Amino acid sequence: MKALRHLKRALWIIAFLFVAGNMIRFSVVPESFGQYGDFRGAHLAEERARDPIHRGSDICGECHDERLEEKNNGAHGPIPCENCHFQPYAGDENHPEAHPEVSQSPDRSQRACLTCHQFFPSRPSAFPQLANFPEHIATNALKLNKDHVGAHTLCVHCHNPHDPKIDLKQNG
Amino acid sequence: MIYSEYLFPNDMHIYWSLMIVTYPFITGLIAGAFIASALFHVFGLEELKPISRFALMVSLAFMVCATLPLLFHLGHPERALNVVITPHWHSAMAGFGFIYSFYLVVLTLEIWLSYWEEIVAYSKTSASGVKRLFWKTVALGVDETSGEIRQANRRAIYILGLIGIPSACTLHGYVGFIFGSLKSNPWWSTPLMPQVFLLSAIVSGLALLIVMYIALSSKGYLTWSFECLRTLCFYLWLSMLFYMISEGLEILFFFYESSDAWFVISTLLSTKLWVSFVLIQVGIGIVVPFTLLSIMIFVRNNQGAYTTMAVIAAATALFEVWMMRWNIVIGGQQFSKSYVGFRSYHPEWLDQEGILTTMGLTLLPFLLLYLLTRILPMKEAVEDEEPPAEVEPG
Amino acid sequence: MDKKKNRRAFIKSAGRALAGLLMVVAIPKPGRAQRIHEIEIGEDAPDWLDHYWVYLIDTTKCIGCGACVRADKRENSVPPKFFRTWVERYQITEDNHVHVDSPNGGHDGFLPEDLAQLLTSVELETDGSPQGIGRVKKQGRVTKGFFVPKMCNHCRNTPCTQVCPVNASYQSPDGVVLVDKTRCIGCSYCVQACPYGSRYIHPEKHTADKCTWCYHRITKGLLPACVTVCPTGARKFGDLKDQSSEIKKLLSTQRLNVLKPELNTEPFCFYIGLEQSVR
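What comes next is a walk through the structure. (Residues numbered from 1 in each chain as written. Chains lettered and ligands numbered in written order. Predicted model: local features only at pLDDT ≥ 70, side-chain atom pairs only at ≥ 80, totals over all residues. Heavy atoms only, no water.)

1. Description of the overall build of chain C
For chain C, the count of helices and strands is 8 helices and 11 strands. Within the span of chain C, comprising 279 residues, buried residues form 60% of the whole. The contacts in chain C between residues at least 6 apart in sequence include a share of 63% that link residues at least 24 apart. (Helix = DSSP H or I, 4+ residues; strand = E, 2+ residues; numbered from the N terminus. Buried < 20%, exposed > 50% of the residue type's maximum accessible area, 1.4 Å probe, protein only. Contact = heavy atoms within 4.5 Å.)

2. Topic: the interface of chain A and chain C
Across the boundary between the two partners, chain A contributes 47 residues, which contact 65 residues of chain C. Taken over both partners, the interface formed by chain A and chain C buries close to 5,000 Å², and the fraction arising from carbon and sulfur atoms is 61%. Taken together, the connections running from chain A to chain C amount to 1 salt bridge. Its salt-bridge partner being Arg 40 of chain A, residue Asp 180 of chain C comes within 2.7 Å of it at the nearest N-O pair. Seen at the junction of chain A and chain C, the total is 17 residue pairs in polar contact (both at pLDDT 80 or more). Secondary structure elements with two or more residues in the side of chain A that touches chain C: helix H2 (42-49), helix H5 (82-85), helix H6 (110-117) and helix H7 (133-144) of chain A. (Buried area = accessible area lost by both parts, 1.4 Å probe. Salt bridge = Lys/Arg side-chain N within 4 Å of Asp/Glu carboxyl O. Polar contact = N/O pair within 3.5 Å; in protein donor to acceptor, adjacent residues only side chain to side chain.)

3. Concerning the environment of Ser 169 of chain C
Residue and element names in this part refer to chain C. Here Ser 169 lies in strand S5 (residues 169-171). Taking the C-alpha atoms as reference, Ser 169 lies 4.3 Å from Val 179; in sequence the two are 10 residues apart. Leave out the neighbours within four places in its chain, and Ser 169 touches Thr 161, Cys 164, Val 177, Leu 178, Val 179 and Arg 199. Within the local environment of Ser 169, its side chain forms a polar contact with the backbone oxygen of Leu 178, the two atoms lying 3.2 Å apart. Here the side chain of Ser 169 touches Arg 199 through a polar contact of 2.5 Å, side chain to side chain.

4. Thoughts on helix H2 (residues 67-76) of chain C
Within H2 of chain C, 10 of the 10 residues are buried, leaving the element largely enclosed by the surrounding structure. Listed as buried for H2 of chain C are Ala 67, Cys 68, Val 69, Arg 70, Ala 71, Asp 72, Lys 73, Arg 74, Glu 75 and Asn 76 of chain C. In the core, the buried residues of H2 of chain C are packed alongside H5 and H6 of chain A together with strand S2 (85-93), helix H6 (215-218), helix H7 (225-229) and strand S9 (235-239) of chain C. Looking at the residues trailing H2 of chain C, positive phi occurs at Ser 77 of chain C, about 45°.

5. Quick look at the packing of aromatic side chains
One pass over the full model with this rule turns up 37 aromatic pairs over all chains. The interplanar angle of 15° and the centroid separation of 5.8 Å between the aromatic rings of Tyr 213 of chain B and Trp 224 of chain B together place this pair among those described as stacked. Remark: Trp 224 of chain B occurs in the loop between helix H9 (193-218) and helix H10 (226-257) and Tyr 213 of chain B occurs in helix H9; sequence separation between them is 11 residues. The class of Tyr 213 of chain B is buried, set by a relative accessible area of 0%. A residue is classified by how much of its surface remains accessible, and Trp 224 of chain B, at 35% relative accessible area, is partly exposed. Between the aromatic rings of Trp 237 of chain B and Phe 290 of chain B, the centroid separation amounts to 6.0 Å while the plane-to-plane angle is 10°, which identifies the pairing as stacked. Taken together, the positions of Trp 237 of chain B in helix H10 and Phe 290 of chain B in helix H12 (residues 274-296) put the pair 53 residues apart, joining distant regions of the chain. Note on accessibility: Trp 237 of chain B and Phe 290 of chain B belong to one class, buried. What links up through ring pairs into an aromatic cluster is the set Trp 16, Phe 179, Trp 188 and Phe 197 of chain B together with Tyr 189 of chain C. A cation over a ring is seen here: Arg 156 of chain C above Phe 268 of chain C, with NZ or CZ 3.9 Å from the ring centre. Over the face of the ring belonging to Tyr 3 of chain B we find Arg 279 of chain C, whose NZ or CZ atom lies 4.7 Å from the ring centre. (Phe/Tyr/Trp six-rings, centres within 6.5 Å; stacked < 30°, edge-to-face > 60°. Lys NZ or Arg CZ within 6 Å of the ring centre and 35° of its normal.)

Here it is in structure tokens:
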């Protein structure tokens, strides 16, 4: 069939493009693709490789063992050191080289404590929380130390964050 | 229960923006124009002969540009080919590369065969050697235009048109599937979505052809035939009718089922989409062209009035389809997945996915079409049995 | 029962065959399992794969301190204004209004901007309970309130990996939904498909990003950062294959719920005490 010559040629070209295209396509599939399923298997190892940043309280205990013990025995026992000692908003330059992100002087403001202990209707009622901060100061702090009464009174003036049960020695 | 407004914290952004509005719009014009030419080539609607070849060229021009909005949208356009390298077959989007290339091949072949006589003639008569070589390459070294070849071509075009119809439907239906298959989004998630997209694609394709046909034939670039325009307008009316039914059913079911989805959709329609969907898309975009087209069925002799109405109807129908893309793509992202928070979208002028890019990408196919018509004629094939006179290359 | 099962299996395979036919050139490499979690883990597989992770959130214990959100931001360098995990505050008033908020994803807790106002004068609202601290206007007394921590649910029937066109997002054999950032093209289809709003496009990397259950930690025997820092134990994480684990015990004894169960995404992030009003 001479009349079909151009059509045949066109079909050959299409067949060639199809085969060549697919050969290229399969040749550039990443090597580990399909190792564990329909994805690049090497990515699992890449994802695992990253170093953890939160390393837990035990590392802190290697140097600050009394502090850690004090915390662990108190009501704040379940809270890891990092919750307060990691600067929540930015890095801190005060801590030794090993943990530049850890701060020795954490946020001591009222906000830091009230983040957990301010009363909200949404908070579980069994959780210790303050419904009225000025009143709390007026009724409790007043009894302890008259110097610290007022808007500038910090929670940490009366409560040791590592062991928050009232300790008069902290008042100095 | 009454909810205060609340958006999930990650739901502050509209990720699918103007580019994703433009992409189905351009793709729709391809499918629409192709189906118009198929009406002639496959179903033998002789009235459409004057635009049968031109419609194919319109398709090709838009086809080449269809992927551009997607590339502008991707976070990593340089990795776009990953879609065919490691496609995920459960993803509606993964098929795009394959459906697109298949359809491109079918379309190119069909145009190649439709212009066979011209191509062979140019390969012999072009003035410069480079041009002759170019056309010879396009003709794949074959230089015959015998009756036998014509017969074979006509048959091949028929088969290609036959393959092309489901391909065009798949290409556009699948765009609807991308949206319709997401259960996370009540405004998109409906099995009617592929159908709505396909029908609106046909509406937009026919409307574009009507506008271009009237414009180009008035300047003599295309052969004027009132019957051709009438046929185009009738099919526009028909596809609009089916499109309206589908879209209407969609909303009606949402309303009647009155589930979670309607909670979101009713709020959307009365707030964020009140102007763009209810007033503009339905109020202007559907009512005006459909009324005009319905009246036009009874206009038989007054060609001037008919043509004017056809231009208005087609232009508003095109506008309607663009608005429909907008309302689906943007509207579907104007609420948070919490279903109780809503957000606004204001496109930027100079953004990578902004208004200027959109305008550029919408105009680009027209530029391409102009270039195509510079190398191949717009008018229909001459029907005589004689091969074009051979001129010795000088 | 058996018949039903057979029928369901038939419909499933028929559906797959149909889908395969539609995807003309679709010939996946032989031997690749369609659903990764059905893979049998061979003897030579590394032991870090020999787990099946599961997450449990006890909403009755969450105090909304936001420690998890802060820890997550640090651990995973989550870009500002995007969240891999966040905490929502629900307050339901007596007139049945549901007030939800999550200022900055709960990153800074739920205290008002102006703390001084709260400390110097507590204006008691309507009924005398001190609730004038939220950012929402309340029409009546709050009768029910709770916090809901949210994150990627690492669903079994994942709507997000289902739609990823390039296999960049997938479920690991140990049940974690991950994103391969070197393959992701940034089309954000997965962001659209996630019904929980857990995904976002990273503003600098331009790829999809989401919670990984701290995959780099759990595969080294650590807990995810958010679980580590939770002061009340509201967040729990563990291995389903470990028969003696605490989470196994909790999962088998507690009354559980998941988010948007009607979507059949089969989340593997379970909730205790989830209220029906939670979105």
